[in-house]
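Chains, contacts and geometry: an overview
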Amino acid sequence: MSNKNNETNIDPRSMGKVAVLMGGSSAEREVSLMSGGGVLQALRSRGVDAHAFDPSQNNLCDLKTHGYDRCFIALHGRHGEDGTVQGALELLGIPYTGPGVMASAISVDKIMTKRIWRFQGLSTPDWKLVSSSAEAAHAFKELGSPMIIKPAREGSSIGVTKVTSLGQCEQAYLLAAKYDPEVLCEQFIEGDETTCPILGQGKDAHALPVIRIVAPEGNYDYQNKYFTDVTQYHCPSGLPEAEERAIQQLVVDAFRTLECRGWARADIMIRKADRKPFLLEINTSPGMTGHSLVPMSARASGIDYPELCLRILASASLDARQGMQATETQGASAQ
């Protein structure tokens, strides 16, 4: 499909002076630099006055001093998609891409996310929050084999282990605990691994095409995500249309439930036994590297990489502005 029919009429000059936030201090710094570099080049190719900005090397207050009008957040992990940089930008009054402070803070925490999804009746695998290797071993007995042990607030499969025996629990726990004091033990769902991006906000939020992921021996780890070409990505997914639609509806519901806006990408497992989809997590500042999945899905719907970056940038907003718009809408309806 050609992207010509999907191009928007966004004036690049109306975006003003743009900072692409990349790098940062999290465990995902290397990936963030790759994401940010791609976004920066894409925005410049469309005529946007875009500049690289690394918060670990520069004071965020410099954004105000140097007259930036909006920020494209290409940071991943801590101090990037956890609500902290979003809060700083709120105080500076500089619109930014992606969900706001609360949605970002909740979404980066896999445990809080799962609690909310479960409360809202959205399917997610059973889990246990553990604080020791002994508790991890006890969780293994409850949740069964295989089981996933991972940090509660990391991404890119960092610190994640799939355990199949009690003897593996201690080492897996210690690895996860290196990255976060809160460790999540999660029931493993055997079946097809998929992911699906979401663009928009509220009633206008919509899912892009589903991607089905086939990794070597089912091991979709950090290395296979970013630095090898052995993982297969199927988009179109090849799933039955009804399954694709069900996944798209599930991720939009997950996105809206957390009050996300702008863009995100949700990961889903389809249980082999009955083809039921289960939400694993949601990424509110997804990767934008050459191996990344949001650009791949967008391309399948006719949106090329520079156009995708421009659309996301144009959606930049502030929580404060969202509140003002809601108040204005209520006032208008009252009249």
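Heads up: these notes are all about the structure in this document. (Residues numbered from 1 in each chain as written. Predicted model: local features only at pLDDT ≥ 70, side-chain atom pairs only at ≥ 80, totals over all residues. Heavy atoms only, no water.)

Turning to helix α5 (residues 110–119), its buried residues are Lys-110, Ile-111, Thr-113, Lys-114 and Trp-117. End-on, the buried residues of α5 take up no more than an arc of 160°, which puts them together on one face. Where α5 is buried, its residues touch α4 (101–108), β4 (127–130), β5 (147–151), β7 (183–187), α9 (241–257) and β13 (277–283). In this structure Asp-109 caps α5, since a side-chain oxygen of it lies 3.0 Å from the backbone nitrogen of Ile-111. Directly after α5, the chain includes Gly-121, whose backbone phi takes a positive value near 80°. (Buried < 20%, exposed > 50% of the residue type's maximum accessible area, 1.4 Å probe, protein only. Helix = DSSP H or I, 4+ residues; strand = E, 2+ residues; numbered from the N terminus. Arc of directions from axis to C-beta. Contact = heavy atoms within 4.5 Å. Polar contact = N/O pair within 3.5 Å; in protein donor to acceptor, adjacent residues only side chain to side chain.)

Next up on the list: the pattern of salt bridges. Pairing between side chains of opposite charge can happen when the charged atoms of each approach one another. For the coordinates displayed, the defined rule picks out 17 salt bridges. Where Arg-13 meets Asp-11, a salt bridge forms, and the shortest distance between an N and an O atom there is 3.3 Å. Residue Arg-13 is classed as exposed on the basis of its relative accessible area of 70%. Judged by its relative accessible area of 32%, Asp-11 falls in the partly exposed class. (Salt bridge = Lys/Arg side-chain N within 4 Å of Asp/Glu carboxyl O.)

Attention shifts here to the packing of aromatic side chains. According to the stated counting rule, one finds 2 aromatic pairs in the structure shown. Summarising the aromatic geometry, the rings of Phe-53 and Tyr-68 are spaced 6.4 Å apart at their centres and angled 75° between planes, so their arrangement reads as edge-to-face. Pair noted here: Phe-53 is in strand β2 (residues 49–53) and Tyr-68 is in the loop between α2 (61–65) and β3 (70–73), with a separation of 15 residues, a long-range link. Each member of the pair, Phe-53 as well as Tyr-68, is classed as buried. Positioned over the ring face of Tyr-68 is Lys-17, at 4.6 Å from the centre of the ring. Taking the ring centre of Phe-188 as reference, the NZ or CZ of Lys-162 above it sits at 4.2 Å. (Phe/Tyr/Trp six-rings, centres within 6.5 Å; stacked < 30°, edge-to-face > 60°. Lys NZ or Arg CZ within 6 Å of the ring centre and 35° of its normal.)

Turning to the side chain of Thr-97, a few remarks are in order. Inspection of the secondary structure assignment puts Thr-97 in the loop between α3 (84–92) and α4. Under the relative-accessibility criterion, Thr-97 is labelled buried at 2%. Of the polar contacts made by the side chain of Thr-97, one reaches the backbone nitrogen of Ile-73; its length is 2.9 Å. Among residues more than four places away in sequence, those in contact with Thr-97 are Cys-71, Phe-72, Ile-73, Trp-263, Ile-312, Leu-313 and Ala-316.

As a further point, take helix α6 (residues 133–143). Structurally, the α-helix is built with 3.6 residues per turn, so residues lying three or four positions apart point the same way. When we look at burial in α6, the residues that qualify are Ala-136, Ala-137, Ala-139, Phe-140 and Leu-143. Looking straight down α6, one finds that the buried residues subtend no more than 160° of arc, so they occupy a single side. For α6, the exposed residues set more than 90 degrees away from the buried face come down to Ala-134 and Lys-141. Looking at the buried positions of α6, the neighbouring elements they touch are β4, β5, β6 (161–163), α7 (169–177) and β7. Taken from the residues just after α6, Gly-144 is the one with a positive phi, measuring 90°.

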